Amino acid sequence: MTYSPPPGAPRARIPGPQQPPPGYPRIRAGLWRHALGGGLGLWVLTAVVTYATGNTTLLPTLILLGSFLVPVTFVLWAYERHGRDLGVSVLLGCFLTGGTLGVLGASVMETYLLHPSAWMFVGVGLIEEAVKLGALMLVLRRQVRLRGMRTGLVLGATVGFGFAALESAGYAFNAAVSTEGIDLRALVETEVLRGLLAPFGHGLWTSIAGGVLLSYRMPNGRFRITGAVAWTFLGVSLLHAAWDSTHGIAVWLVTRLTSVNLERGLFEVGYLADATRQQAHLFTAFSVGGMACVALLGVAWARSLARRDPSWRNTP
């Protein structure tokens, strides 16, 4: 004979299976928008206060906010949309360690290996893309699980944006310091220009190269330098070189169209001295148009790689 508890009596509850906590922190949707808006507001406020007070101790704050704003925003966007399962520590390592190693390696190699010439920018592209890929491989050497096109696109972009942020900070500092004192206007103009161009530079090129590199990574973590990896590296290096050469190519084209005297040194310096109004307009059109073409090629290349990867399409 079994005993049935009366209605309303408390019953023991057997807990059901619980979902394990996620291995990565959850961030609210649209954090990258808040970072962009808040960071931009702080940068503008810092610029206004620096101009109003003339307090040079604010220069590091102004430089760091302006240089890191766009790169950090794009890394947050990539993490939120396509990289939540990769882990915050990996992204921080790629951004800070990878970016720093890339800048240091590029500085050393460019100092001792490059000399002013018409082919200098090709050397710059090869060196900087090589050191960024090397930094990515070094950071991920013990992260065996991290492989595949999506992972490479996200982490490659992260290394590239870390490189871009540190490089922009250096350019902003050089623009601010002159023989006549502190030039705040040049600093602000440099940061605005490099911030607008940042999405189409180092982050984009290293994203492409990193995507192909990690797509051929073996399950045991060994990196394979296949023909596709080598050709991709060469391609992004040439994109990099073309981007850096746009001013010099624009000067060469303007000189060819408006003058019979062509000086080779004009290509290397990248600007026209005592240019006429017609030459100035042509130079602007050619330089901006050239950068736009290089940027479109890079974006189209990255999108074609992302579309081939099912895991990229299945992320939010």
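Okay, so let's go over this structure. Quantities reported herein were computed from a predicted structural model and do not represent experimental measurements.

Tracing the chain through its elements places V122 in helix α4 (residues 120-139). The exposure class assigned to V122 is partly exposed, which follows from its relative accessible area of 27%. Taking the C-alpha atoms as reference points, V122 and H240, separated by 118 residues in sequence, lie 7.9 Å from one another.

Attention now moves to the side chain of E167. Within the fold, E167 resides in helix α5 (residues 149-176). Exposure remark for E167: the relative accessible area of 16% places this residue in the buried category. Beyond its immediate sequence surroundings of up to four residues, E167 is in contact with V103, E128, R194 and H202.

The next thing to look at is the pattern of salt bridges. In this structure the tally under the stated criterion is 4 salt bridges. With a shortest N-O distance of 2.9 Å, R150 and D85 are connected by a salt bridge. Of the two residues, R150 is situated in helix α5 and D85 in the loop between α2 (59-82) and α3 (88-113); the sequence distance between them amounts to 65 residues. Classification of R150 as buried rests on a relative accessible area of 11%. Among the residues examined, D85 registers a relative accessible area of 38% and is labelled partly exposed. Among the salt bridges present, the one from E129 reaches K132, with a minimum N-O distance of 2.9 Å. With E129 and K132 both in helix α4 and 3 residues apart, the pair spans about one turn of that helix.

How each quantity is defined
- Residues numbered from 1 in each chain as written.
- Predicted model: local features only at pLDDT ≥ 70, side-chain atom pairs only at ≥ 80, totals over all residues.
- Heavy atoms only, no water.
- Helix = DSSP H or I, 4+ residues; strand = E, 2+ residues; numbered from the N terminus.
- Buried < 20%, exposed > 50% of the residue type's maximum accessible area, 1.4 Å probe, protein only.
- Contact = heavy atoms within 4.5 Å.
- Salt bridge = Lys/Arg side-chain N within 4 Å of Asp/Glu carboxyl O.

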